[in-house]
Amino acid sequence: MTHVVITGTGLFTPEHAIDNASLVEAFNAWVDTQNADYAEEIARGERVPLAHSSSEFIEKASGIKSRYVLDASGILDPARMRPKLPLRGNDEPSIQCEMATQAAHQALANAQVDPGDIELVIVACSNLERAYPALAVEVQQALGTGGYGFDMNVACSSATFALETAANAIASGSVKRALIVNPEICSAHLNFTDRDSHFIFGDACTAMVLENSNCAVAEERFEVLGTRLVTKFSNAIRNNAGFLNRVTDSDPLALDKLFVQEGRRVFREVCPMVAQLILNHLASLELSGSDLKRMWLHQANQHMNDLIARKVLGAEPSKTQAPIILDRYANTSSAGSIIAFHLHRENLVEGDIGVICSFGAGYSAGSVVVRRQ
């Protein structure tokens, strides 16, 4: 029987960080300008004045204190309110390729794997900067890996869906080693003028190396005991940007071309779905919540993670059992649970069991149960 193991992870963190205070200062300055520009309409009751944001509101609503982004200056400019990333030529590495290779080199080094021994590259993330050629093939060339590569998008669950895909390819014998990268530029699809969501996202890229255990040489290995995925269609989280925008004559700058969500509905519908997914998955492996030493959950909202962990563990989770990284990184979409796994696994011992879990738009959710070898 083929055993699939995760032997290396990597993390690219942008150099720019924005704390809540700086984000709020820019947002409130933009609000004041808007309210001044539309003062007459507001006075006539034809327009509702925009409300200020605050650091206290953000932290209470989400648990987020700061976030890393590829560009801070454009986001913090009240006249722009979006990142400014220079256009790259076709012969230059794409932004996501550059992020991916940095995270990948770290993961490969940790796994003690040469790039040329990788036979499958999957770029899995919420937003791809172009439709084609595939970013995975560009990453393959940049790293010098063999085999083949492809892109996939299951929003915030992209990493766990890629984990199952890679694990299945290894288990079937079609490849021996696979590389997954999750380059997330979430700041590019976030509406920084929306009080309810302007604080949610940050940028980051994670990478994972998966191998047939017979080939692995790294001392630290996490065996993939099983994967389980679920999807259920919902419009509660949506982004309507796409190649059909130009032929449907829709406004490319319309608000629905950015991230939009019904936050309370998402909380109400997703939390029980995810908790049940994990519990059912554990039961299928003859395990229960009490067997888990660690839960590396999607990093979208502190309250969501606490509720899901309580339902699975049957008790209030400790910071060690369900580590949080969104206070520093914010929501990095598919990269979030992998950042938690990358940063919070060092004290696990042989036989310890944990679950990597993602959930997001779709709805989509993925559970990957692993055991420290």
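Residues numbered from 1 in each chain as written. Predicted model: local features only at pLDDT ≥ 70, side-chain atom pairs only at ≥ 80, totals over all residues. Heavy atoms only, no water.

### Structural notes on the pairing of strand β12 (residues 353-360)
Within β12, 8 of the 8 residues are buried, which leaves the element mostly enclosed by the surrounding structure. Burial along β12 is two-sided: Ile-353, Val-355, Cys-357 and Phe-359 and Gly-354, Ile-356, Ser-358 and Gly-360, pointing in opposite directions, are all buried. In this sheet, β12 lies alongside strand β11 (residues 292-297) in parallel orientation, the contact comprising 5 bridges. Following the sheet pairing, Met-295 is matched in β12 by Val-355. For β12 and strand β13 (residues 364-372), the ladder comprises 8 bridges, and the chain directions are antiparallel. Along β13, the bridge assignment pairs Gly-360 with Ser-364. Between β12 and β13, which pair antiparallel and follow one another directly, the connecting turn spans 3 residues, one of which, Gly-362, has a positive phi of 140°. (Buried < 20%, exposed > 50% of the residue type's maximum accessible area, 1.4 Å probe, protein only. Helix = DSSP H or I, 4+ residues; strand = E, 2+ residues; numbered from the N terminus. Pairing = 2+ DSSP bridges.)

### Describing the UniProt feature "domain: Beta-ketoacyl-[acyl-carrier-protein] synthase III C-terminal" (unreviewed entry) in the chain
The positions that UniProt labels "domain: Beta-ketoacyl-[acyl-carrier-protein] synthase III C-terminal" (unreviewed entry) are, in the present scheme, residues 283-371. The distance separating the terminal C-alpha atoms of residues 283-371 is 15 Å; by composition the span is 30% helix and 25% strand. (UniProt positions renumbered as here; feature names shortened; annotations may be inferred.)

### Examining helix α8 (residues 302-313)
Here α8 contains 12 residues, and its C-alpha end-to-end distance of 16 Å stays within 8% of the 16 Å for a straight helix at 1.5 Å per residue. Buried within α8 we find Met-304, Asn-305, Leu-307, Ile-308, Ala-309, Val-312 and Leu-313. Looking at the packing, one finds that the buried side of α8 touches α7 (263-284), β11 and β12. The backbone nitrogen of His-303 lies 2.7 Å from a side-chain oxygen of the residue at the head of α8, namely Asn-301. The first or second residue beyond α8 is Gly-314, which carries a positive phi of 80°. (Expected span 1.5 Å × (residues − 1). Contact = heavy atoms within 4.5 Å. Polar contact = N/O pair within 3.5 Å; in protein donor to acceptor, adjacent residues only side chain to side chain.)

### So, a nonpolar patch on the surface
Side chains of Phe-243, Leu-244 and Val-247 sit close together on the surface and give an oily, nonpolar patch of about 350 Å² of accessible area. Tracing the sequence through the fold places Val-247 in the loop between β9 (237-238) and β10 (260-261). For Val-247, a relative accessible area of 53% puts it in the exposed group. (Patch = residues over 30% accessible without salt bridge, like charges linked within 9 Å, V, L, I, M, F, W, Y side chains within 5 Å. Areas by Shrake-Rupley, 256 points an atom, 1.4 Å probe, with all protein chains shown as cover. Salt bridge = Lys/Arg side-chain N within 4 Å of Asp/Glu carboxyl O.)

### A closer look at the side chain of Glu-211
Here Glu-211 is to be found in strand β7 (residues 203-212). A relative accessible area of 1% means that Glu-211 is categorised as buried. A polar atom in the side chain of Glu-211 sits 2.7 Å from the side chain of Thr-7.

### Concerning the packing of aromatic side chains
The tally for this structure, following the rule as stated, stands at 8 aromatic pairs. Here the aromatic rings of Phe-222 and Phe-341 are separated by 5.2 Å at their centres, their planes lie at 75°, and the arrangement is edge-to-face. One end of the pair, Phe-222, is in strand β8 (residues 222-231); the other, Phe-341, is in helix α10 (residues 335-343), and 119 residues separate them in sequence. You can call Phe-222 buried: its relative accessible area is 1%. Residue Phe-341 is classed as buried on the basis of its relative accessible area, which comes to 0%. (Phe/Tyr/Trp six-rings, centres within 6.5 Å; stacked < 30°, edge-to-face > 60°.)

### What to know about the pairing of β7
As a general feature of sheets, a regular strand has side chains that alternate between the two faces. Summarising burial for β7: 10 of the 10 residues are buried, a large majority. Here β7 shows two buried faces, one formed by Asp-203, Cys-205, Ala-207, Val-209 and Glu-211 and the other by Ala-204, Thr-206, Met-208, Leu-210 and Asn-212. Note: strand β1 (residues 4-12) against β7, 8 bridges, orientation antiparallel. Opposite Val-4, over in β7, you have Asn-212 as the bridge partner.

### With respect to the nonpolar core
Core analysis: the biggest nonpolar cluster contains 52 residues, and Val-274, Ile-278, Leu-292, Met-295, Ile-308, Val-312 and Phe-359 have the highest contact counts within it. Listing elements by their share of this core, those giving two or more residues are α1 (20-37), α7, β11, α8, β12 and β13. No other element matches the 9 residues that α7 contributes to this core. Excluding residues that lie within four positions of it along the chain, Met-295 makes contacts with Ile-278, Ala-309, Val-312, Leu-313, Gln-321, Ala-322, Pro-323 and Val-355. One finds Val-4, Ala-178, Trp-296 and Val-370 within the second-largest nonpolar core, a separate group that totals 36 residues. (Core = buried A, V, L, I, M, F, W, Y, C linked by side-chain atoms within 4.5 Å.)

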